[in-house]
Amino acid sequence: MKGLRIDNVQAGLESKVILSDLNLYVPDGEVHALMGPNGHGKSTLANVLMGHPRYQLFKGAISLDGESLLDLDVSERARRGLFLAFQYPAEIPGVTVSKFLKRIADLRKDPPKNASAFLTELKQNLAFLEIDPSFVNRYLNDGFSGGEKKRMEILQLLTLKPRFAIFDETDSGLDVDALKIVAAGINKMRGPGFSALVITHYRRLLDLVKPDAVHILERGHIAASGGFELVELLEKDGYEGVRRLSGTVKEAVYAS
Amino acid sequence: MPAEAAVLQDLHQDIKQIGTGYEERFGFAMPDRSIVKTEQGLTRETVLAISEAKNEPEWIRRFRLRSLELFQRLPMPSWGGNLSQLRFDDMTYYAKPTEGSSRSWDELPEEIKRTYERLGVPEAERKFLAGVGAQYDSEMVYHNIRQDMEKKGVLFSDVETAVREHPDIVKRFFGTIVPPDDNKFAALNSAVWSGGSFVYVPPGVHVDIPLQAYFRVNSQAFGQFERTLIIADEGSFVHYIEGCTAPVFSKDSLHSAVVEIIALKNARIRYSTVQNWSSNMYNLVTKRAFAYENAVMEWVDGNIGSKVTMKYPAIFLMGEGARGEVLSIAFAGKGQEQDTGAKIFHFASNTSSVVTSKSISKDGGTASYRGMVKMEAGLHNIKSKVECDALILDETSKSNTYPVMDIRSEDASMEHEAKVSKISEDQLFYLMSRGLTEEEAAVMIVNGFIDPLVKELPMEYAVELNRLIELEMEGSVG
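Residues numbered from 1 in each chain as written. Chains lettered and ligands numbered in written order. Predicted model: local features only at pLDDT ≥ 70, side-chain atom pairs only at ≥ 80, totals over all residues.

Caption draft 1: Structural view of the domain arrangement of chain B. Residues and elements named next belong to chain B. Splitting chain B by domain gives domain 1 (1–30 + 424–478) and domain 2 (31–311). With 15 residues of domain 1 at the contact, the number on the domain 2 side is 20 residues. For the side of domain 1 that touches domain 2, the elements supplying multiple residues, two or more each, are helix 2 (22–25) and helix 13 (459–473). Tallying contributions element by element places helix 13 first for the side of domain 1 that touches domain 2, with four residues. Per-class residue counts for the side of domain 1 that touches domain 2 are 10 nonpolar, two polar and three charged. (Domains from an automatic or database assignment. Contact = placed C-beta atoms within 7 Å. Helix = DSSP H or I, 4+ residues; strand = E, 2+ residues; numbered from the N terminus. Nonpolar A, V, L, I, M, F, W, Y, C, P; charged D, E, K, R; others polar.)

Here it is as C-alpha cells:
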C-alpha cells in the first residue's frame, strides 16, 4: 500500500503517553494538513515518525509504502525517504550550507552524478526559493533569522527530494513573502512519489498549499478528518466547533 | 534506560577510539643507531659532553653551564599539568643520529630517510614549502631552502650552523627573548639545547610559501631540546610551520623547546604548530615573540598529542601599532592534559591583540585554557579580545579556563568570552534526520566546532587535522 500509514499508535516522550489510538493514512501523492490545539501531540507525532530517540512508541505500527519504519533509526528513516522540516532547526556552527547540502544530496536515493550537477541543481533551488547565493557560504542555521531557517528547511527539502515530508509549523513566524516561498517549495514537490503532512495552526499556509485532507489532532488522537471545510469551521467556531463533528468524518476518511 | 542515555552511551563508544591509527602512522620506531649518545640523566658532565660533541664557541658553553645551575635551582611550576610522574633522571639528554646535516634526503641513512618519507615530509616539501628542516632526536639531519629564497638573502639553517656562520645576529638575539631564568624548563633547554631552526628574513623580503621544521623523536625515554630563533627584519614576512611526532613507548619522553621570535618594524610572522606527539610525551615549551612598531605576530597553535602539554605562546607588543594574534586548538583525549593558552603583554600604545582558543576534551582528557593579558599603565588606545570555547564530549572529561587580566592603562578595551558546550541531542537528531549516521553527525559537529581555526592552518595540515579527528572519532557503530 503506497503512502504513510499509522495504525493504533500509542506513543510519548520517554515514559509519558501523549498519543493513543492514533490512526492516520496519507496516500501517495497527497498532502494532508494536521491541525490541533497546542500540547495535544502534533510535534510528538512528528518526532515519533522521524524516530527521535527520546520519543517512545509503546504500541501500534508505522509504515511507509507498506514497509515498517519501527526498527529503523533516525538516519535510516531519512534514507528511506522520510523528511522533517523542523519548527526549531538546530544550529551547526562551522559547517557551511554548501558542504552540508552536498553531503546530504549524496545520501539521497539518486545522488547528483557529479559536483557540477549538484551545483546546477543548487543554483536552481536557490533561485526558486529567492535565496541569495552567498547564503551557502554561511554556517548551517548559525545566526539565521527565523525566516532564513525556514527557507533553509525548504532548501533541504528540494535537495533531498524525500518520499514523505513532515512540516512542523514551518509557517510560524513567517512574513507573507516567506510564507509564499515555503508554500511554493512544498507545491513544487507535489505529485506521485511524494506525500506530506503539514502541521499548522493557521489557514494562511493551507490557502496556498491546498491540502487533499485535513485532520484535527486532539488529546493524542485524530478527533476529526475532512476537507478544507474543517479549516473554515475551525476558523469560524474554533476547536469547539470541530468537536461537534468528531467521530463521524474521521472514520470515513481513514477507511478510504 | 531512557533513549537519551542510550544515544549518549553510543556516542561515548564512537569517540572512545582516540589514538587509533597513531601507532601505525606516526608511532613507529626505527632501530637506535645514534653515533653519540650521553648517558641517562643530567649532570654537568652531560652538558659538557653535548658541548664537546658540538665543538661550539666558549660563550655557548658558558651559557649552558649557567643555565644548568638555574635549572637545578628553579622550582617546578606549582600550577598547570600534572608533572609528578616526570623523572628527569630517567631521560637521555642527547643523541646524535648522523655526522652533520645534509641538504639531500638521499644522503641520509636509509632508516632516517624512510621515517620522513612515511611521515610525508619530502612530499610536502616538493608540493608546498619553501624550505624544510628535519630534526631526528637531537640534531637537524636535513636542512634545505629553495634557491630563489636563498638568493634573496633568506637564512634558514640549524641553530648550530647559525652560531658558526652568523655569530653577530645570533649573539644579538639568542637567549634575550626567553632568558634561561624565565622558568625551569627554559633553563633546562638552555643547558642542553640541540638543534632547532634559525631563520633570518632580510628587510622587505616576503617568503610567500611556508618554511617548515619537522621534529621527530626516535629514541626511548628521551629528551628533545631544540631552540628556534626567527628574525623577520623590517617590512618582511615569513610563515614558519612546525610539526612533531614520536614513537609510542611505555616509558615517558620529554620535549622542552624554546622558541624566540623577533618581528621588527612592519614585519609580519606567522608561526603554526601542529603538535602530535605520542601519548608518552611531556611537552613543556616556552614560546615568545617580540613585535616592534606596526609588526604583526600570529601564533597558530594546534595541540593534538602528548601526555601533558604546557604551552602558552606569548607576544610582547613592544612598538606602537603592533598587533598580536593567538589561535589555539587543543584536543585532550584519554590520559591527556592539554594546558595551553596565550600571554599578551601590551607595552606600547595603539596595540591590539586577539586570542581565540578552542578545545575539545573526551574520554577523561583535560583541556585547560590558561591565559594572561597585561596592559601597562600610561598607554592609550589598547585593545584586546579573548575568546575561549570548549567542547566536552562526555561526562568523564574536563575543561578549565584560567584567564588573568592585568589592566593598568585607562584607555583600554578588554573583551573576554568563555563558553563551554556539549554536542547537543538536538544537533545530532537534526543531522541524522537528513540521513547522516550518528557517528558522521558527531564528527561533523566536532569538525564544525574547530573549523574557524582549522581554516587558518596551511591546507595540508587542515586536511590532516580533519582526518585525525575523523580517525579519533571513528567508532564501533555498524
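Caption draft 2: Seen up close, the sheet that holds strand 8 (residues 195–199) of chain A. Residue and element names in this part refer to chain A. The strand order across the open sheet built from six strands is 6-7-8-3-9-10, with neighbouring strands paired in mixed fashion. In this open sheet, the two edge strands, each paired with only one partner strand, are strand 6 (82–85) and strand 10 (221–226). Put simply, the sheet's adjacent strands are angled 20° from each other on average, direction ignored. Here strand 3 (residues 31–35) pairs with strand 9 (residues 213–218) via four bridges, running parallel. Residue pairing across strands places L34 opposite H215, the latter belonging to strand 9. Against the sheet, helix 1 (residues 42–50) makes contact with strand 3, strand 6, strand 7 (164–168), strand 8 and strand 9, and its axis sits at roughly 150° relative to strand 7, the strand it touches most. (Pairing = 2+ DSSP bridges. Axes fitted to C-alpha atoms, helices over the stretch in contact; angles between N-to-C directions.)

Caption draft 3: Local environment of the confidence of the model for chain A. Residues of chain A with pLDDT of at least 70 account for 96%, and the chain-wide mean is 92. Across residues 249–256 of chain A, where pLDDT falls below 50, the model places 12 contacts with residues more than four positions away in sequence or in other chains. (pLDDT = per-residue confidence, 0-100.)

Caption draft 4: Seen up close, helix 3 (residues 44–54) of chain B. All names here are of chain B. When we look at burial in helix 3, the residues that qualify are V47, I50, S51 and K54. The arc enclosing the buried residues of helix 3, seen along the axis, measures out at 95°, which places them on a common side. Relative to its buried face, helix 3 has exposed residues pointing more than 90 degrees away, namely E45 and E52. On its buried face, helix 3 is in contact with helix 4 (58–73), helix 8 (159–165) and helix 10 (184–192). A positive backbone phi angle near 50° is found at N55, which sits one or two residues after helix 3. (Buried ≥ 20, exposed ≤ 12 C-beta atoms within 10 Å, placed from the backbone. Arc of directions from axis to C-beta.)

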